[in-house]
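Observations on the model geometry
The lines below spell out each chain.
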Amino acid sequence: MQTLFPWLILLLPLAAAALISLFTRPHRDLSARLSIGAIVAGFWLTLLLFALPGAAAQAYETRIPWLAAGGLQIDFGLRIDRLSLLMALVVTAVGGAIHIYSYEYMRGERRFSTYFACLSLFTFAMLGVVFAPNFVQMFFFWELVGVSSYLLIGFWFERPAAADAGLKAFLVNRVGDLGFLLGILLVWSRLGSVHFGELERRLAENPAALGAMATVAGLLIFCGALGKSAQFPLHIWLPDAMEGPTPVSALIHAATMVAAGVYMLARVFFLLAATPHWPAALHFLEGLDALEIIRIIGLFTALMAGLIALQQDDIKRVLAYSTLSQLGYMVMAIGLGQPGPAMFHLATHAGFKALLFLGAGAIILALHHEQDIWRMGGLRRAMPLTFWTFLIATLALCAVPPLGGFYSKESILAHAWHQDKLVFALAWCGSVLTALYMFRLVLVVFGGSPRRPRDAQPHEPSHIATWPMLFLAGLTVLAGGADVEGFLAGGAQGTASLASRLAGPLAHAPFVMLAGLAATGLGFAMAWGLYRGAYRDPLPARWSTLASALRQRLLLDAWYARWIGGSFEALACLASGVDRWIIAGAAVRGVHGSVELTGRLLRLAQTGKVSTYAFALGCGVAALLYWLIR
Amino acid sequence: MNAILTMPEMAVTALALGLLVLDLWTPADRKGDLGIAAIGGLALILAGSFLFGAGAPQYAFGGMYVLDGMALFFKRLMLGVGVVALAAALEYSKRFAAGTAEYCALILLAVSGMMWAASANHWALLFVSVELMTVTFYVLVSFERTRMPSLEAGVKYLILGALASAFLVYGVALVFGGTGTLGFAGDSGPGLGTGSVLVRVGLALVLAGLGFKIGMVPCQFWAPDVYQGAPAPTAALLAAGSKAAGFALLLRVLLEAAPDWALEMRPVLMLIAGASILYGNLCAIPQRNLKRLLGYSSIAHAGYMLLGIVVLERAGAAAILFYLAGYACAVLAAFLVAALAFDPGEPEEIPALAGLHRRSPYLAAALALSMISLAGIPPLVGFFGKFLLLKGVVLAAFDSRSFGWLAGVALAGIVTSFYYYFGVVRAIYWSAPAAERPPIAVSRVAGAALGACLVGIVAAGVFPSPLLEAARLAAGALRIP
């Protein structure tokens, strides 16, 4: 049971994807049911695994030997421990809700079945990353996540923007993955294994095993997370990925793709925390360790994305930058040496961010694909259920007790406070920004009076879409009671009573908690002052330079387009010239022509006449005999 | 006597004869059931063959017949090939006016011939089993009596096959004349080939006769014409089964019976391997007919597999066994699609495959997968087979530079082959069909047989270890003195 269930959890979505694309494509309903059934079954199986006595207590592996080449033994296996179980639960619970929601959202879509096939493939890839016991398998599924996200983001490939966004996500991720691959190769060459457990053991035996490349290896592996979890400077794909269908945005932003980076960092944390050491060529960096760099990048991403989110007008883009910002917090927590709080925040964030996206999707549907927040307004009355769930998720994101987001964020802030006051101060500013941009969104979208054409009568989506939202809202409210950090740390469950846990932040770090609440309050007050009843954004009028810089995403995208795009254009011209004249012209045409000519000449020997054949056969045998007895 | 060892062959022969007898009492509209029964029977025998363990070699008929790991491997392979070929035959025989049962029975007899060949440890059994195969194939190739290309192919196979058989039997006679014994030397006594000119010339003639079976240069001329003209199931059996039997015998003769002679002939064998690879691949380029293309490619694949023989080691033999299994899966799938995707009487032109992915996504995917596997692209089984064969040659190249040339030729051939294999894939998915054609209905039996091939192609490519282990075990049974 303990080995069967994980295999089922992993393979059911694959089976669904295969069945849909091979057989049930014409049957829309059946296809959707297969896909939804696979992930919901995965969710129940994961819950059962939690419930099985002792299943969660001990890490174990199930594996099939796959490849043995020289000293390298690679298995295809599953690693089941607290970390992967928690992540699998997040993926299947949030992903399942999004699957069901998709059924309503994509109802009129022509390629409905294909959509669900892609969704299942994506789920399979993500679960593969979660259960991977070694780097090779993780990298394989890592890439599969990239491919399937390309399919989903570019699902409406008829629209150039969507096709471009899919391509952008794929290409930017390749940059990070190259670093990841180099990191894996480096670790393998130094430690002689790709298996996580084995690596950890070898590193524990000999902490200096990575030698001079320790920090470089950690940073290269971090590059993978840089791409997948969209950290600066590879963050540019994530906002564009909003071109995909809204449930896809929810899936990519909440439970799966971007979470993969943070999850991977938590999984290989022992590598990142290895004794810092630089090779001689990079000696000037001595004194800086990998975690410090990770911390800085996470913090910078959190602040930058929070700022940009202030001036976005597209409802999904605000949420996208908010995701970036929260991912920054998680990466920062890893950089602080605290994978537990990072995973805790990942789990709570998965719930409430998915909820925010589903709410946004409901609004977009109700307003016939209007995404500009300045054309919404007053939706509180028209869509009360969406409003309340959206508000709950917003409060959770702004870390208001007793919602889940409060505990996870307080935990990160508290660790920052204990380690580095400057990091804490900046992260606190990020909290202010979070509250500001989220309440801006809520006030503009739901408050005030309607700013849309008169004839539109927005209404709530049907039950199929609202149930997942209610489910996620429930999760968001209850997540505060979950002792994720304690669970991951391996302590026995239920040592601390629920009440003491809920009051934990007040007892452990009262100052941090109060400061956090103050940040939220400050942000809310600023939003209330600026945006209550506003008809258009007041910021561009007051601080035009800042606002326009933020609107242009701090000019980063334009800079990338000009410099990287431009230099690639020049390289591409050169390559195309070489290809056209030298490779295709001289080499390929020449080789192809001569090969084809030889083929045609040889074919002349194949006359079709038996006498020719017999003669040639006789000649051949004669030549053979001549060689023998010459 | 130990005749119990020959149970599988006996059972297949009995099945064939029983089929012919039952045919007398079966009404015309129920003939299909006979084919199903044949498939079931053969599958049962395949399952039963696993009762035999691959222990120490066991002999029957006074040492004429040997049952060792390699014989078992080949028998299982041939039984599997037979099952798929029967499924194809069942589908294809709807085109015949009559004779479903005869066709199936002939396939069974050919399979039994191949199985005898796998166990041959004696020149007489070698010749008889080869003839059992060949004579059956004369009929199988020309079975579509109303279609001219089938008859033409039959005549060509008959005449050239008779010529090859003549070489074979003359060679056997010379060897017997030189040594005075018809048994392979095996573990006892030195291998053949050190001795007289008589024996050496005889062995060369045997090589030519067996080379006809595997379709190597200079005995390859029949392959494209016969593959093109023969009914698709026959061609499938020729490619997957007959070739495997040829290699089984070649391994026995070259590695077990006459290793010294093989060592002496090594330069010639290398030349033959390289020439086969180049000839098959180069000639395949301008082809437009799918079956003819497969005929040329079968010559190239014979060349690849000869790479496993020229290294004259167990590892090479294991690579051949692995490759044969993978090749059988891919080529059976390709011929199955050729049997299903074209209308009766329609020539199997590659451009006519345009739009196949709309008419039947399953057949399109199957043909594409088999082509990709034949081309040797990872992670399919064809890649791993080629890798193993090339690995042996490259390792040998460290000792002798001529092996380096051979590896280069093989690589060039593999690269060339991408051109025509992917031409087929392109025709399936990227060319516009001339006219809209109706979807193809794939029967359950044919679909299952095709599915088995595809599972083989993918599974043995992704998880090569079990098959590789079986091939190593089988090659370990070779008694290389």
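A brief look at the structure comes next. Just so we're clear, the structure is a prediction, and the values are computed from it rather than from any experiment.

Quick notes on the overall build of chain B
Each helix and strand in chain B was counted, giving 19 helices and 2 strands. When each of the 481 residues of chain B is scored for burial, the buried share is 63%. As presented, chain B carries roughly 16300 Å² of accessible surface, and 70% of it is formed by carbon and sulfur atoms.

Side note on the overall build of chain A
Secondary structure assignment for chain A yields 28 helices and 2 strands. Here chain A holds 630 residues, and 55% of them are scored as buried. Sequence separation of 24 or more characterises 79% of the internal contacts of chain A that already satisfy a separation of 6 or more.

Quick word on helix H14 (residues 315–335) of chain A
Residues and elements named next belong to chain A. Look at H14: 30 Å from first C-alpha to last across 21 residues, which is about the 30 Å you get at 1.5 Å a residue. Across the 21 residues that make up H14, a large majority, 21, are buried. Its side-chain oxygen placed 2.8 Å from the backbone nitrogen of Lys 316, Asp 314 serves as the N-cap of H14. Within two residues after H14, Gly 337 carries a phi angle of roughly 80°, on the positive side.

Some words on the nonpolar core
Grouped together as the largest cluster of nonpolar side chains are 209 residues, with contacts concentrated most on Phe74(B), Leu237(B), Leu290(B) and Met371(B). In contact with Leu237(B), other than residues within four places in its own chain, are Val81(B), Ala85(B), Ile107(B), Ala110(B), Val111(B), Met114(B), Phe137(B), Leu140(B) and Ser242(B). In this structure, Phe155(A), Phe270(A), Ala290(A) and Val331(A) belong to the second largest nonpolar core, which totals 202 residues.

Quick look at the packing of helix H6 (residues 160–191) of chain A against helix H8 (residues 214–228) of chain A
The relative placement of two packed helices is expressed as an angle between their axes plus a distance between the axes. All names here are of chain A. Running from amino to carboxyl end, H6 crosses H8 at an angle of 150°, the nearest separation of the two axes being 7 Å. If you check the angle between H6 and H8, you find them roughly antiparallel. Like other packed secondary-structure pairs, H6 and H8 cross with a definite hand, here left-handed. Within the contact between the two elements, H6 uses Asn 173, Gly 176, Asp 177, Gly 179, Phe 180, Leu 182, Gly 183, Ile 184, Leu 186 and Val 187 and H8 uses Val 216, Ala 217, Leu 220, Ile 221, Cys 223, Gly 224, Gly 227 and Lys 228. Class assignment of the residues belonging to the contact of H6 with H8 gives a composition of 10 nonpolar, 6 polar and 2 charged.

With respect to the pattern of salt bridges
Scanning all chains against the criterion turns up 32 salt bridges over all chains. Between Glu91(B) and Lys94(B) there is a salt bridge, with its nearest N and O atoms 3.2 Å apart. We classify Lys94(B) as exposed; its relative accessible area is 60%. The partner of Lys156(B) in a salt bridge is Glu152(B), and the shortest N-O contact between them spans 2.7 Å. Separated by 4 residues within a single helix, Lys156(B) and Glu152(B) lie in helix H6 (residues 148–179), roughly one turn from each other. Looking at Glu152(B), the relative accessible area reads 44%, which means it is partly exposed. The network of salt bridges with common partners includes Glu61(A), Arg79(A), Asp81(A) and Arg267(A).

Concerning the interface of chain A and chain B
Listed by partner, the interface residues are 26 residues for chain A and 38 residues for chain B. Summed over both partners, the interface of chain A with chain B buries about 2900 Å², with 78% contributed by carbon and sulfur atoms. Counting the surface chain A buries against chain B, the share from its top three residues, Gln606(A), Leu617(A) and Leu628(A), is 22%. If you look at where chain A meets chain B, you find 0 salt bridges.

Quick notes on a nonpolar patch on the surface
Residue and element names in this part refer to chain A. On the surface, Val 147, Tyr 150, Leu 151, Leu 167 and Leu 171 cluster together into a nonpolar patch covering about 390 Å² of accessible area. Contributions of two or more residues to the nonpolar patch are made by helix H5 (135–153) and H6. When residues in the nonpolar patch are grouped by element, the largest group, 3 residues, is from H5. Mapped onto the secondary structure, Val 147 falls in helix H5.

Some thoughts on the packing of helix H13 (residues 290–309) of chain A against helix H19 (residues 421–446) of chain A
Residue and element names in this part refer to chain A. It is at 9 Å that the axes of H13 and H19 come closest, and there the two elements cross at 30°. Classified by the angle their axes make, H13 and H19 are roughly parallel. When the axes of H13 and H19 are compared, the crossing they make is left-handed. Every residue of H19 that contacts H13 at Arg 295, Leu 299, Leu 303, Gly 306, Leu 307 and Ala 309 is listed here: Val 423, Leu 426, Ala 427, Cys 429, Gly 430, Leu 433, Tyr 437 and Arg 440. Looking at side-chain class alone, the contact of H13 with H19 contains 10 nonpolar, 2 polar and 2 charged residues.

Observations concerning the packing of aromatic side chains
Enumeration according to the criterion identifies 52 aromatic pairs over all chains in this entry. Among the aromatic residues, those joined into a ring-pair cluster are Phe137(B), Tyr138(B), Tyr157(B), Phe212(B), Trp222(B), Tyr227(B) and Phe335(B). The side chain of Arg380(A) reaches across the aromatic face of Phe387(A), ending 6.0 Å from its centre. Its end group placed over the ring of Phe143(B), Arg145(B) keeps NZ or CZ at 5.9 Å from the ring centre.

What to know about the environment of Leu288(A)
All names here are of chain A. Within the element layout of this structure, Leu 288 appears in the loop between helix H12 (269–272) and H13. The spacing of Leu 288 and Thr 215 is 73 residues in sequence and 8.8 Å in space, taken between C-alpha atoms. In contact with Leu 288, not counting residues within four places along its chain, are Thr 215, Pro 276, Trp 278 and Ile 293.

Structural notes on the side chain of Thr301(A)
Tracing the backbone through its elements, the reader meets Thr301(A) in helix H13. Here the side chain of Thr301(A) touches Gln231(A) through a polar contact of 3.2 Å, side chain to side chain.

Digging into the environment of Ile184(A)
Here Ile184(A) lies in helix H6. In the structure, Ile184(A) is positioned 33 residues away from Ala217(A) in sequence and 7.8 Å away in space, judged by C-alpha atoms.

The rules behind each value
Residues numbered from 1 in each chain as written. Chains lettered and ligands numbered in written order. Predicted model: local features only at pLDDT ≥ 70, side-chain atom pairs only at ≥ 80, totals over all residues. Heavy atoms only, no water. Helix = DSSP H or I, 4+ residues; strand = E, 2+ residues; numbered from the N terminus. Buried < 20%, exposed > 50% of the residue type's maximum accessible area, 1.4 Å probe, protein only. Areas by Shrake-Rupley, 256 points an atom, 1.4 Å probe, with all protein chains shown as cover. Contact = heavy atoms within 4.5 Å. Expected span 1.5 Å × (residues − 1). Polar contact = N/O pair within 3.5 Å; in protein donor to acceptor, adjacent residues only side chain to side chain. Core = buried A, V, L, I, M, F, W, Y, C linked by side-chain atoms within 4.5 Å. Axes fitted to C-alpha atoms, helices over the stretch in contact; angles between N-to-C directions. Parallel < 35°, antiparallel > 145°, perpendicular 65-115°, else oblique. Left-handed = near helix turned anticlockwise from the far one by under 90°. Nonpolar A, V, L, I, M, F, W, Y, C, P; charged D, E, K, R; others polar. Salt bridge = Lys/Arg side-chain N within 4 Å of Asp/Glu carboxyl O. Buried area = accessible area lost by both parts, 1.4 Å probe. Patch = residues over 30% accessible without salt bridge, like charges linked within 9 Å, V, L, I, M, F, W, Y side chains within 5 Å. Phe/Tyr/Trp six-rings, centres within 6.5 Å; stacked < 30°, edge-to-face > 60°. Lys NZ or Arg CZ within 6 Å of the ring centre and 35° of its normal.

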